[in-house]
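Spelled out, the chains give:
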Amino acid sequence: MSRLKQFIHEIHQRSLWQVLTVYLGASWAVLEVTDQIVDRYLLPEWVYPGALILLLIGLPIVLATAFVREERRAPGRAEEARDPTLLVDTPSAGTAVATERTGGPLLRVFTWPRAILGGLVAFAILGLLSASIVLRGAARVTEAYGAAGDAFEERAWILLAEFEAQESERDMALAAQAALEVDLQQSEYLNLRGRNQVAPVLRRMGLPDTTSMDERLALDVAEREGLSVVLAPAVSRLGRDYVFSARVVQPGTGQDLIAVRAVAREDRLVEAVETLSREVRRRLGEAGGSIRRSKPLPEVTTRSLEALKVYAEAVQASRALDRERTLEAAEEAIRFDSTFAMAHRILSLAYWNLGRLTEARASATRAYELGDRLTDRERLHVEGFYYMTADLQPRHAAEVYELLLSRYPDDFRAHINLGFVNSVWLGNREPAYELYRKAVELEPYGAIGYNNAMGMALAIDKWEAADSLRAALTALGPSETATQADLRMAVASEDWERADALCDSVLAATTSPGPLAAQQVACGSLAAVRGCAREAIDLLESANAFYAERNQLVNHANLLAALASVEEMTGRPDEARARLESMLEDYPADSIQQVERYLVRTNLSVAAGTMGRTRLIDRMISTYPRDLDSPGWLPEHGAALEDASRALSSGRSEEALALLRELEESGYRPAGWEYYRHLLLGLVYHELGDPDSAVAHLEQAFHRAAFSSSSTWGARGPRTQLPFALRRLAELEEARGNDEAAIRHYQRFLALWSDPDPELRGQVEAARRAIARLTGVE
């Protein structure tokens, strides 16, 4: 205490200039110590600027105090100068008056003890605030510098590299990666290109899809693809804290544009990632108001670190198309945090892709109910998926996706899903084609965009565009999607020899059970088209065993319909009936969940109706109740299709026509059922003696069977019925005297069955005789 008094006394004796010199020297020392403490204890980045601001605030206070104290002594010295005989410091009247005039309240306010005490208190508060943040482990930015400037413009693309981390911190890095992607995707200012979107680029570079996307590789990919910047994050452990850093690097030059470092305890990981992300977004040029509109990351992901880690595994498995692991990891994440909305979202997708539709619907509904725990962007995605697959309101889904695209015009998923709604549910093919083409532009290496755009191009007779899209997809590198597109194009163009060769190669190359089952369905259907019934049955039965084992009952029932179609084609009606009846015998109503039961009943009833199996339809109806609890259009649509099939097989053609016309006026065009709708209309018009309308609808049925891909909701069997459709078209054209068209259809049928099984050769001979009869040439 005595030293402090002595220090104050010394200051009293200093001149104004001396006080300034001392203060500046002390300030420099304080800032040096503060800088070292910030680095040593990873204090927030605002501590050093805070200390500087306090020193700047203190400077005028110190100068004012020195000035007031100097003025207090000034009158006495002046009096002393006028009276040199004055030897003692005895205040004179003049001095008293001067002191009173120049001091007063200011002397009481501006005192050295107050100035020093105020500075100590201010720095103590700053220290306590910093210490409390550190002790609590709260997320804090400890370093940040740089700006993107002209290197990054609004809506430009940023490629996110994988977190750099020690092997012991890999699970933490994976969780941080998932959280960082979520926050960056909230931005309306930047576009994020993630790991899954560059897999085709890696294949073109001769690298496996599983190659780690480190900073070096990310910079190489970004330079090849013309992306603006790479975000290279890292995580490391320092005592009880985790240090997260991120650098924004310019491809080509390798220049670091931005660097940010954030620190937090393990239980504050999500907050640390959010802090890091927001600072990067600000320095890239995003407006503060836009950043503040982003929801807090802990609210839209999870506060459970274990849940986030497992969710990150689910995301990784989903990108690798490992559906079983996606399902397991998503379910585990929900066990850690039942309110983790994004885990429910990815769980619904996993169920959907596995054909477990009731569970997919329940998970989609739960994600929708937790919408306030999602980012605005993800909430719109969840709402669109919910209306599309759970609430079964595709028009509502389209409205949601259109709103999403108005806010995030470069969202690839939204373009794909809106295209799906238009093509699969509403039958709006032209808009769907344009949406898929835009998706291709946004992700020029995304196979799904090319495949969907090619399918729509075929559907609207844009053959050159379809072939161009197929070639572009093939150029991305070998993949299951590219092979399927090649096969689809070969069938659509009736290049049967190429289609046969593609199936031979893909069946030999595919080993994974799920993809192999899908290829067996495609190639089994092709074998039926080619008149190779025994090969078709072997492939379809093998695929069906896979779906039955995994309880994918809609796929199982649809393949039973396809097998029944092959049996019917080969003249074995009893075997065809037995295929359909096996579903009823093996799976009673209470063993099938609601959505699956409804679709099984509808699809098998319609298939039985096209074969004239009225009693089988009745048995389907009595076994499986029509109880789908949905406010949407699907229950009524399926019921009308089923009732029309029953009416047709019972000889009530007028009733069947009325029901099918109602479907035509509904405005819904579910792709999985459109083949059957046109086939039934063709058969009905034939029964009613209207060959022109019959031919028009059978042409549409053939078109649907040839160009369509499999649908979860509808049947997988239509392609097996191509020969039947061609023969029926030829017979109808012959009946109405259109010999040229009849000959063309018979010739197409003969091209299909160029080398059929022995039991089918009688039908080939019948077609040849018909051509001879119509042409007059044997």
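Residues numbered from 1 in each chain as written. Predicted model: local features only at pLDDT ≥ 70, side-chain atom pairs only at ≥ 80, totals over all residues. Heavy atoms only, no water.

1. Side note on the overall build of the protein chain
Helix and strand counts for the protein chain come out as 37 helices and 6 strands. Looking at the protein chain as a whole, 54% of its 778 residues qualify as buried. Sequence separation of at least 24 residues holds for 66% of the intrachain contacts in the protein chain that already meet a minimum separation of 6. Only carbon and sulfur atoms are counted for the fraction: they give 52% of the accessible area of the protein chain, which is about 34100 Å². (Helix = DSSP H or I, 4+ residues; strand = E, 2+ residues; numbered from the N terminus. Buried < 20%, exposed > 50% of the residue type's maximum accessible area, 1.4 Å probe, protein only. Contact = heavy atoms within 4.5 Å. Areas by Shrake-Rupley, 256 points an atom, 1.4 Å probe, with all protein chains shown as cover.)

2. Section: the packing of helix H13 (residues 305-319) against helix H14 (residues 323-336)
For the pair H13 and H14, the least separation of the axes is 8 Å and the interaxial angle reads 165 degrees. Looking at the two axes, H13 sits roughly antiparallel to H14. Where H13 crosses over H14, the handedness of that crossing is left-handed. Note on element contacts: H14 touches H13 through Arg325, Thr326, Ala329, Ala330, Glu332, Ala333 and Phe336, opposite Glu306, Ala307, Val310, Tyr311, Glu313, Ala314, Ala317 and Ser318. (Axes fitted to C-alpha atoms, helices over the stretch in contact; angles between N-to-C directions. Parallel < 35°, antiparallel > 145°, perpendicular 65-115°, else oblique. Left-handed = near helix turned anticlockwise from the far one by under 90°.)

3. Quick look at the pattern of salt bridges
According to the stated counting rule, one finds 56 salt bridges in the structure shown. With a closest N to O distance of 3.7 Å, arginine 619 and glutamate 581 form a salt bridge. Here glutamate 581 lies in helix H28 (residues 573-586) and arginine 619 lies in helix H30 (residues 614-623), a separation of 38 residues in the sequence. The class for arginine 619 is partly exposed, based on a relative accessible area of 32%. Through salt bridges that share partners, Glu188, Lys295, Asp376, Arg379, Glu383 and Arg407 make up one connected network. (Salt bridge = Lys/Arg side-chain N within 4 Å of Asp/Glu carboxyl O.)

4. Comments concerning the sheet that holds strand E4 (residues 229-238)
Reading across the sheet, the 6 strands line up as E1-E6-E5-E4-E2-E3 and stay open at both edges, with mixed pairing between neighbours. Of all the strands in the sheet, just strand E1 (140-146) and strand E3 (191-193) have a single pairing partner and so form its edges. Strand-to-strand twist across the sheet, computed as the mean angle between neighbouring axes with direction ignored, equals 20 degrees. As paired elements, strand E5 (residues 241-249) and strand E6 (residues 256-265) share 9 bridges and run antiparallel to each other. (Pairing = 2+ DSSP bridges.)

5. Here's the deal with the environment of valine 273
As for its position among the elements, valine 273 is in helix H10 (residues 269-284). It is 8.3 Å that separates the C-alpha atoms of valine 273 and leucine 297, two residues lying 24 residues apart in sequence. Excluding residues within four positions of it along the chain, valine 273 makes contact with Ala176, Ala179, Leu180, Phe244 and Leu297.

6. Let's talk about the pairing of E6
Among the 10 residues of E6, 8 are classified as buried, and the element is accordingly described as predominantly covered. As paired elements, E1 and E6 share 6 bridges and run antiparallel to each other. In the strand pairing of E6, glutamate 143 is matched with arginine 261. Adjacent in sequence and paired antiparallel, E5 and E6 are bridged by 6 residues, among which glycine 252 carries a positive phi angle near 85 degrees.

7. Looking at the packing of aromatic side chains
To describe a pair of aromatic rings, you give the distance between the ring centres and the angle between the ring planes. Summed over the entire model, instances satisfying the criterion amount to 14 aromatic pairs. Taken together, a centroid distance of 5.0 Å and an interplanar angle of 50 degrees make the contact between tyrosine 311 and phenylalanine 340 tilted. Note that tyrosine 311 is positioned in helix H13 and phenylalanine 340 in the loop between H14 and helix H15 (341-353), a separation of 29 residues in sequence. Of the residues examined, tyrosine 311 reaches a relative accessible area of 4% and is grouped as buried. Ring geometry for tyrosine 368 versus tyrosine 386: centroids 4.1 Å apart, planes at 10 degrees, classification stacked. Of this pair, tyrosine 368 sits in helix H16 (residues 357-369) while tyrosine 386 sits in helix H17 (residues 376-389), and the two are 18 residues apart along the sequence. Note on tyrosine 368: relative accessible area 29%, which makes it partly exposed. You can call tyrosine 386 buried: its relative accessible area is 13%. (Phe/Tyr/Trp six-rings, centres within 6.5 Å; stacked < 30°, edge-to-face > 60°.)

8. Digging into the packing of helix H21 (residues 447-459) against helix H23 (residues 480-492)
At their nearest, the axes of H21 and H23 sit 10 Å apart, and the two run at 10 degrees to each other. It follows that H21 is roughly parallel to H23 by the angle criterion. Counted together, Ala447, Asn451, Met454, Gly455 and Leu458 of H21 and Thr481, Ala485, Arg488, Met489 and Ala492 of H23 form the full contact between these two elements. Split by residue class, the contact of H21 with H23 holds 6 nonpolar, 3 polar and 1 charged. (Nonpolar A, V, L, I, M, F, W, Y, C, P; charged D, E, K, R; others polar.)

9. Considering empty space enclosed by the protein
For the structure on display, the rule yields 4 cavities of 30 Å³ or more. Approximately 50 Å³ is the volume attributed to the largest cavity. Along its surface, the largest cavity is lined by Arg155, Ser187, Glu188, Leu190, Asn191, Arg377, Arg407, Tyr408, Pro409 and Asp410. Its residues placed into classes, the lining of the largest cavity shows 3 nonpolar, 2 polar and 5 charged. (1 Å grid on protein atoms, 1.4 Å probe; cavity = no way out; pocket = protein on both sides within 12 Å on 5 of 7 lines; lining within 4 Å. Points joined across faces, edges and corners; volume = space filled by probe spheres on them.)

10. Concerning unusual backbone geometry
Trans peptide bonds make up most of the peptide bonds, and negative phi angles are found at most residues other than glycine. Positive phi, normally seen in glycine, also occurs at leucine 392, with a value near 55 degrees. As for its placement among the helices and strands, leucine 392 is situated in the loop between H17 and helix H18 (394-407). Judged by relative accessible area, leucine 392 falls into the buried class, the value being 5%. One non-glycine residue with positive phi stands out, namely asparagine 551, at about 60 degrees. Inspection of the secondary structure puts asparagine 551 in the loop between helix H26 (533-549) and helix H27 (553-569). Since its relative accessible area comes to 45%, asparagine 551 is described here as partly exposed.

11. Some details on the nonpolar core
By size, the foremost hydrophobic cluster in this structure holds 196 residues, and its most contacted members are Phe152, Leu231, Phe244, Leu284, Tyr311, Leu580 and Met583. With 11 residues, the single largest contributor to this core is H27. Residues in contact with leucine 231, not counting those within four places in the same chain, are Ile158, Leu159, Leu160, Ala161, Leu180, Leu184, Ala246, Arg247, Val248 and Val280. Core analysis: the second largest hydrophobic core is formed by 42 residues, Met213, Ile416, Leu469 and Ala485 among them. (Core = buried A, V, L, I, M, F, W, Y, C linked by side-chain atoms within 4.5 Å.)

12. Looking at the confidence of the model for the protein chain
Close reading of the predicted structure is inappropriate where its pLDDT is low. Scored by pLDDT, the protein chain has a mean of 85; 88% of the residues are at 70 or more. Mean pLDDT in the protein chain bottoms out at helix H4 (residues 93-102), which sits at 46, and peaks at H18, which reaches 95. With pLDDT under 50 throughout, residues 76-102 is counted as low confidence; its partners more than four residues away or in other chains account for 9 contacts. In the model, residues 710-716 has pLDDT below 50 throughout and makes 31 contacts with residues more than four positions away in sequence or in other chains. (pLDDT = per-residue confidence, 0-100.)

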